[in-house]
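# Coordinates in review
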Amino acid sequence: DQLAFQSLEDALKHYYGFTSFRPLQKEIIQALLAQKDVLALLPTGTGKSLCYQLAGYLLEGLVVIISPLVSLMEDQVNNLWALGEKRVVALNSLLDKSEKAYVLAHLSNYKFLFLSPEMASQEAVIQSLSQQKIALLVIDEAHCISQWGVDFRPEYRNLHLLKESLQQPLTLALTASATQKVKEELTTLLLSNQPIVFEQPIDRQNIFLKVMHVTDKFAALTQLLTENKGAGIIYCATRKRVEALYQQLKSTYQVAYYHGGLAGNQRQLLQAQFKANQLQLLIATNAFGMGIDKADIRFVIHYELPDSLENYVQEIGRAGRDGQQSQAILLYQEKDEQIHYFLQEQQKNARKEYEAWYEQAPALLNAAYLSEQQLKWQQQIQKEGYAAFMQRLKDSELTKRQMLKQMLAFIHTQACRRQWL
Ligand code: ADP
Ligand code: MG
């Protein structure tokens, strides 16, 4: 913005009225001002947005933010408006053709441009952006690039094309969680050779960790629900089980269920109701998570085993963002892991089936008899090539198995679970 400040603290005060930085914010901004690519791994609610916003203000040009969900974009746009920043726009599926054309023709009016990954792949968008001075490219929820995460978004894998067309702008990748593997993938695909990595320890002192080995899970759950007040999330492993548990609880609690099979607007409505305490409980698959910004979730109950520690940590981390004491309780009943073995086996079979078809008659592979998942693979194969994609898929099968083993080890450890994590 070409304003001169004595210090970053002064700038912070000017734009936000805050008096001090949260951990790592300043370091991240300093690295960006020194034109270094940054990978920042910070838990949700710790203030990642401020990092790209303030750095953006202090750099010349447009800040482009890739964001995976329309609802996340709308939140961010609203937050910027609330701060008095009007030079903000979001390019996503909510805009019609003429609105989109208007935005693209007036890019220099904006300081912050939010883009869905689909939009970021479009030639017209890339073309218009390449005419602009780009201060910073931000990849929010950057773990979406990894096939190993639940939030995998194939379009994220094409973002390097945007980077190339924009002549490798300064890049900030943001995420709340990433395993070593995801970090490496992210770095190779999106960041320059030696990004500076900032990472906060995952330990959250105000979340009490508990694993209960039970023989009657439903009884244990109802007991827990009488003991724990306030808003809570109950995670199940599949959509079917989410709905089944909902049937059992719906007459007693202010409860709804949430999974990827619901329409987008229905999901947004549920999030809003939950945030406004019109719902006490949400029973959900791990589709419920990314971008939830409810600070006072008092407990997270795993009614079924998560498929990996990575997801477990991510899911329990939704509790207690306000810093108040909160509970993370995992209910484990013998054989709970079976569902994951079953799902993994199912994916492997689908992959083998696909391979067999592909090798016999690739030209005949058509949408009519491919599953939803196989169709997604198909799209990705067209971009990546068959061999590379299949290798990745097989690697991911192995990784998933190992992750499940690790999860089980966590369930059965006698050691302090916090230390173990
Ligand atoms: P994240 O993207 O990491 O989940 P957000 O960027 O949405 O988190 O920030 C969460 C909240 O923290 C916001 O309400 C924001 O205003 C607040 N916040 C961020 N940085 C600071 C700070 N330095 N001082 C006080 N509040 C802050
Ligand atoms: Mg965020």
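An account of the accompanying structure is given in this report. Throughout this document, residue positions are counted from 1 along each chain, in the order its sequence is written. Written order determines the labels here, with chains lettered from A and ligands numbered from 1. Only residues with pLDDT of 70 or above have their local features reported here, since the model is predicted, and side-chain atom pairs are shown and tallied only from 80 upward, although totals for entire chains, interfaces and linings are computed over all residues. Computation of side-chain values covers all heavy atoms of the structure but excludes hydrogens and water.

To continue, consider unusual backbone geometry. One non-glycine residue with positive phi stands out, namely Leu-24, at about 75°. Here Leu-24 lies in the loop between helix 1 (8–16) and helix 2 (25–33). Unlike most non-glycine residues, Gln-167 shows phi in positive territory, near 55°. Assignment of secondary structure puts Gln-167 in the loop between helix 8 (159–165) and strand 6 (171–175). Accessible area is worked out with a 1.4 Å probe on protein chains only. A residue is then buried under 20% of its type maximum, exposed over 50%, and partly exposed in between. Residue classification places Gln-167 among the exposed positions, given a relative accessible area of 68%. In this text, helices come from DSSP runs of H or I with a minimum length of four residues, and strands from runs of E with a minimum of two, each type numbered from the N-terminal end.

Whether two aromatic rings pair depends on their centres lying within 6.5 Å, for rings of Phe, Tyr and Trp, where Trp uses its six-membered ring; planes under 30 degrees apart make the pair stacked, over 60 edge-to-face, and the rest tilted. Enumeration according to the criterion identifies 12 aromatic pairs in this entry. Consider the rings of Tyr-16 and Phe-18, whose centres lie 5.9 Å apart with planes at 10°: the pair is stacked. Look at Tyr-16 and you get buried, because its relative accessible area is 14%. Measuring from ring centre to ring centre gives 5.3 Å for Tyr-57 and Phe-112, while their planes differ by 90°; the resulting arrangement is edge-to-face. Note that Tyr-57 is positioned in helix 3 (residues 48–58) and Phe-112 in strand 4 (residues 112–115), a separation of 55 residues in sequence. Taking relative accessible area as the criterion, Phe-112 reaches 0% and is therefore assigned buried. By definition here, charges over rings are those cases where NZ of Lys or CZ of Arg is within 6 Å of the ring centre and within 35 degrees of the ring normal. Here the guanidinium or amino end of Lys-217 rests over the ring plane of Tyr-303, the centre of that ring lying 4.9 Å away. Across from the ring centre of Phe-410, 5.5 Å away, lies the NZ or CZ of Arg-417, which sits over that ring.

Let us now look at the sheet that holds strand 9 (residues 231–235). Strand order in this open sheet of six strands is 8-13-12-9-11-10, and the pairing throughout is parallel. The open sheet has two free edges, formed respectively by strand 8 (207–213) and strand 10 (255–258), since each of these has just one partner strand. Each neighbouring strand pair of the sheet contributes to a mean axis angle of 15°, computed without reference to strand direction. Strands pair, by our definition, only if DSSP identifies at least two bridges between them. Sheet analysis places strand 8 next to strand 13 (residues 326–332), joined by seven bridges and oriented parallel. Its bridge partner being in strand 13, Phe-208 is matched across the sheet by Gln-327. In this analysis, two residues are considered to be in contact whenever any of their non-hydrogen atoms come within 4.5 Å of each other. Axis lines are fitted through C-alpha atoms, for helices just across the contact stretch, and the angle between N-to-C directions can take any value from 0 to 180 degrees. Contacts from helix 10 (residues 217–227) reach strand 8, strand 9, strand 11 (281–284), strand 12 (297–302) and strand 13 within the one sheet, and its direction differs from that of strand 13 by about 170°.

Time to look at helix 13 (residues 309–316). For helix 13, the tally of buried residues reaches seven of eight residues, placing the bulk of the element in the interior. When helix 13 is considered as a whole, its buried residues turn out to be Leu-309, Glu-310, Asn-311, Tyr-312, Gln-314, Glu-315 and Ile-316.

Let us look at a nonpolar patch on the surface. Put simply, a patch holds well-exposed residues, over 30% relative accessible area, that have no salt bridge, with like charges counted together within 9 Å and Val, Leu, Ile, Met, Phe, Trp or Tyr side chains within 5 Å. With residues, only the protein chains shown are counted as cover, and all accessible areas are computed by Shrake-Rupley using a 1.4 Å probe. Any Lys or Arg side-chain nitrogen located within 4 Å of an Asp or Glu carboxyl oxygen qualifies as a salt bridge. Taken together, the side chains of Ile-202, Trp-420 and Leu-421 define a hydrophobic patch exposed on the protein surface, amounting to about 250 Å² of accessible area. Mapped onto the elements of the fold, Ile-202 is located in the loop between strand 7 (196–199) and strand 8. For Ile-202, a relative accessible area of 48% puts it in the partly exposed group.

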